[in-house]
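Remarks on the overall topology
Each chain, letter by letter, is given below.
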Amino acid sequence: MRTRRLIVLISAVLIITALLLVSLSVWVAHQNATRLFTGELESFSARVMLRTTMVANQAEEALQRLEAINVPPCSREHLLEMRRVSYSRRYIQEILYFRGLQPVCSSLEGIKKSAAFPQPLAMTPKGYRFWYTAKSDLGIEHDMVALGSAHYVVMIDPESLIDVLPYGAWPINVALIGIKRNLVIASSAPLADNGWVQAIHTHQTQFQHHDIMYHITRYPALNVATLTWTSTTPLDRDWQRQLLYWLPFGGAVSLLAAWLILRILRILRRLQSPRQRLLEAIRAREIVVHYQPIMVLEDGRLAGAEALARWPQPDGTFLAPDIFISLAEQTGLITPLTELIVESVFADLGQWLQQHPDLHISINISATDLGNPALPTLLEQHIAYWHLDAGQIALELTERSFVDSKMSAPVIAGYRKMGHAIYIDDFGTGFSSLSYLHGMEADLLKIDKSFVEALEYNNVTPHIITLAKTLHLKMVAEGIETPQQEAWLREHGVEFGQGWLYSKALDKQAFIAWTERR
Ligand code: C2E
Ligand code: MG
Ligand code: MG
C-alpha cells in the first residue's frame, strides 16, 4: 500500500518536473526565437535606412555638383552636363533645371514645356525642397520623389530607397514613412493602417496587430521612420511544433526515470535487513489485524473472534504471522508489534464490542509481552475509552509463557484480576512437560488443530479433553474443517470451536459483515 503510494508520488513528481522543465526550455527557446524574430525586423529596418541614406546622399551630392556647373542654362553643354551627372548616379532617374517652380529643361527631354511644380511638400533637415508626385510628362502614373536645390531637382524612384532584400527565412515587408504627414514614401507591399499611424507618433518600437508584428525605427534627423512587418504565423507554428515534439519526449523520459528510481528503491528495500523492514512496517502501521470467528459448538452461536496479525505485501499477498511473529520475537520488535495489534483491535472493533457486550476478542500475546508493564495500561485505557468489559478481551498465551512461572504467574494473575480471560494456546504442541499446569491460572484451553485433524485415529485428544475438564478449563477446538469434527467435539463436551468450517480470518469490514449475516 505504502509502496504503491510511493510509486504514484515519485512518478507524479518526476512527470510534473520533467514537463515543467520541458515547457520551460521550450518557452526559453520560444523567447529566443521571438527575440531573433524582432531582431531581424530591427536589423532589416537598419539596412533599409542605410540604403535610404545612401540614395539621399547621392541625390544631395548630385545637387551640389549641379549647382556648381557654370555654363549657360539649358544650352547644349548644360544639358550634356546634366545627363552626365544623371547617368553616372544609379539612383537618379532625371534631373530638371528650374526657374522658381517652373521646370525649364531636363536631362531626359532637353527643353521642357510642362506645368510648374506646386509648392514643395516639405523642406529636408538639410534645406532641400521635397516633393512627392505621380505626375510626369511620360504618360504613365508612377510615384516619384523629387529633391530640389535652388536651381535643380533630381527625380528618384522611391522604390530605390527601400530596395533591400531580407536575409531571414521568412518574408519581411518595409515602408518608409514621412513622419510629419504620415506619408508612405515607399512600401514593399500595400500597407493598411493597422495602428501604425498612431504608433509612429509614440515611443513604441513594436506592436502586434492580429498575427502581424510591426517594428518602427525613427530617424528624427530625416523626419522619416521605417516600418517593418511580418507575419508571426511561422513563429507560432514553430512554438507548437516544439511543444508537440518535446512534451511527449519529456513525459517518456520522466516515466523512464520514475521506473529506474523505483527499481533502485525496490533493490534497496530488498537489501534492507528483515528486521529493518519489519520495524518500518510497524512504524508505518502496515501490519493489520484479521478476525477469525469462534463459535459456541452447542448451538452454533457466535462467541467472539481471535485477532490474527497480517502483513500485507506490495504484491497484494499477506505474509504469514508464523514468519514475522517469530522474527519480531527474535529481534526485539514483539513489544511494539503487540501494542500495534492491541491498538488496531480497538480501532477496528471497539464500537462493535460496545454494541455486543456478550462477545469477545482474543489477542495473541508472546512470552516477552508479559514483561511489558505498558501493556495492561494500554488495555485499560482502550477498554475505558470504549466503555467495554475487560472480559470482552481475552489473552492467548502459548505454553512457553507459563514456563518461567516466577515471572509469569504474578503478571497473569494481574490480567485475570483486571477481568481478562487467559487462554492456553496451541495446547500440547509446545512442551512435553506438563509441570507448568500445576498451580497455573488460566480460564480456557485451545486444543491445537493438530489434535483436531483425523480425530478417529487420534487417541490423545480425548485425554486432553479429560485433562481440561479436570482442571476446570473451558475449551476451544482450533482448525475445525468438517462437520464430522464439529459433531465429535460437541459430543465430547468441547464448548467452543474455531476453523475454516465457519470462516477463515477476515478483515474488519468482512468480519462485521459476516457476523451481520449470521
Ligand atoms: P494460532 O494462535 O494458533 O492461530 C490459529 C492459526 O490457525 C491461524 O493461523 C489460523 O489462520 C489458522 N487456522 C484457523 N482455522 C484453521 C483451519 O480450519 N484449518 C487450518 N489449517 N488452519 C486454521 P495464522 O493466522 O497463520 O497464525 C499463525 C500463528 O501466528 C497463530 O497461531 C499465532 O500463534 C501467531 N499469531 C498470529 N497473530 C499473532 C499476534 O498478533 N501476536 C502473536 N504473538 N502471535 C500471533
Ligand atoms: Mg491464537
Ligand atoms: Mg493456536
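Sequence order as written defines the numbering, with residues in each chain counted from 1. Starting at A for chains and at 1 for ligands, labels are handed out in the order in which the entities are written. In keeping with the model being predicted, local features are shown solely for residues with a pLDDT of at least 70 and side-chain atom pairs are shown and tallied solely at 80 or more, while totals for entire chains, interfaces and linings include all residues. Water and hydrogen atoms play no part in the side-chain values, which are based on all heavy atoms of the structure.

Quick look at the sheet that holds strand β2 (residues 102-106)
DSSP-based pairing: two strands are paired if at least 2 bridges between them are found. The helix count covers DSSP runs of H or I at least four residues long, the strand count covers runs of E at least two residues long, and both are numbered beginning at the N terminus. The seven strands lie next to each other as β3-β2-β1-β7-β6-β5-β4, forming an open sheet whose pairing is antiparallel. For this open sheet the edge positions go to β3 (110-111) and β4 (122-123), each flanked by a neighbour on one side alone. For strand β5 (residues 129-133) and strand β6 (residues 144-148), the ladder comprises five bridges, and the chain directions are antiparallel. By the bridge assignment for β6, R129 is matched with G148. Together, β1 (92-99), β2, β3 and β7 (152-156) form the strand contacts of helix α2 (residues 76-87), whose direction differs from that of β1 by roughly 145°. Contacts: residue pairs with any heavy atoms within 4.5 Å of one another. Axis definition: a line fit to C-alpha positions, over the contact stretch in the case of helices; interaxial angles, taken between N-to-C directions, run 0 to 180 degrees.

Let's talk about helix α8 (residues 374-385)
Expected span, for any helix, means 1.5 Å times one less than how many residues it has. A rise of 1.5 Å per residue sets the reference length of α8, with its 12 residues, at 16 Å; its end C-alpha atoms lie 16 Å apart and thus fit the reference within 8%. Three labels apply to residues, based on accessible area from a 1.4 Å probe with only protein chains included: buried if under 20% of the type maximum, exposed if over 50%, partly exposed otherwise in between. The set of residues buried in α8 consists of L375, L378, L379, H382 and I383. With its buried residues spanning 125° around the axis, α8 presents them on a single face. Exposed positions of α8 whose direction lies more than 90 degrees from the buried face are Q381 and Y385. Buried residues along α8 sit against α7 (334-355), β16 (360-365), β17 (393-398) and α10 (405-418). By arc we mean the arc of the directions from the helix axis to the C-beta atoms, nothing more.

Topic: the pattern of salt bridges
Criterion for a salt bridge: a side-chain nitrogen of Lys or Arg within 4 Å of a carboxyl oxygen of Asp or Glu. One pass over the structure, following the stated rule, counts 15 salt bridges. One salt bridge in this structure joins R490 and E486, with 3.3 Å as the shortest N-O distance. Of this pair, R490 and E486 both sit in helix α12 (residues 483-491), separated by four residues, roughly a single helical turn. Each of the salt bridges in this network shares a partner with another, and the network as a whole consists of E306, E396, K446 and E478.

Brief notes about the site of ligand 1
Throughout, near means a residue has at least one heavy atom within 4 Å of the molecule or strand. Near ligand 1 lie 21 residues; those nearest to it are E306, D425, D426, E481 and W500. Polar contacts, as used here, are pairs of N or O atoms within 3.5 Å; protein pairs need one atom able to donate a hydrogen and one able to accept it. Residues neighboring in sequence count only if both atoms are side-chain atoms. Take E306: an N or O atom from its side chain is 2.9 Å from an oxygen atom of ligand 1. Between an oxygen atom of ligand 1 and a side-chain N or O atom of N364, the distance comes to 3.1 Å. Taken together, the elements giving at least two residues each to the shell around ligand 1 come down to β14 (302-312), α6 (321-330) and β18 (421-427). For the shell around ligand 1, the element with the highest residue contribution is β14, accounting for four residues. When its residues are assigned to classes, the shell around ligand 1 shows seven nonpolar, five polar and nine charged. Lys, Arg, Asp and Glu make up the charged group, whereas Ala, Val, Leu, Ile, Met, Phe, Trp, Tyr, Cys and Pro make up the nonpolar group; the residues left over, Gly among them, are polar.

Re the coordination of the magnesium ion (ligand 2)
Coordination partners: N, O, S within 2.8 Å of the metal, 3.2 Å for Na, K and Ca; water not considered, so apparent gaps in a site are possible. Protein-derived ligands of the magnesium ion (ligand 2) are E306 (OE), N364 (OD1), E396 (OE) and D425 (OD), with the metal-ligand distances lying across 2.0 to 2.2 Å. In primary sequence terms, the donor set of the magnesium ion (ligand 2) follows E-x57-N-x31-E-x28-D. A gap of 4.0 Å separates the magnesium ion (ligand 2) and the magnesium ion (ligand 3), which D425 links by coordinating each metal. Note that E396 is positioned in strand β17 and D425 in strand β18, a separation of 29 residues in sequence. Of the residues examined, D425 reaches a relative accessible area of 5% and is grouped as buried.

Quick word on the pairing of strand β13 (residues 288-296)
The buried fraction of β13 amounts to eight of the nine residues, a majority that puts the element mostly inside the structure. Where β13 folds back on β14, the antiparallel hairpin that results is connected by five residues, among which G300 adopts a positive phi of roughly 75°. Taken together, the two bridges between β13 and strand β21 (residues 496-497) define a ladder with antiparallel strand orientation. In the strand pairing of β21, M295 is matched with G497.

Regarding the coordination of the magnesium ion (ligand 3)
In the first shell of the magnesium ion (ligand 3), the protein supplies D425 (OD), D426 (OD), E478 (OE) and E478 (OE), at 2.0 to 2.5 Å from the metal. In primary sequence terms, the donor set of the magnesium ion (ligand 3) follows D-D-x51-E. Given the relative accessible area of 24%, D426 is considered partly exposed.

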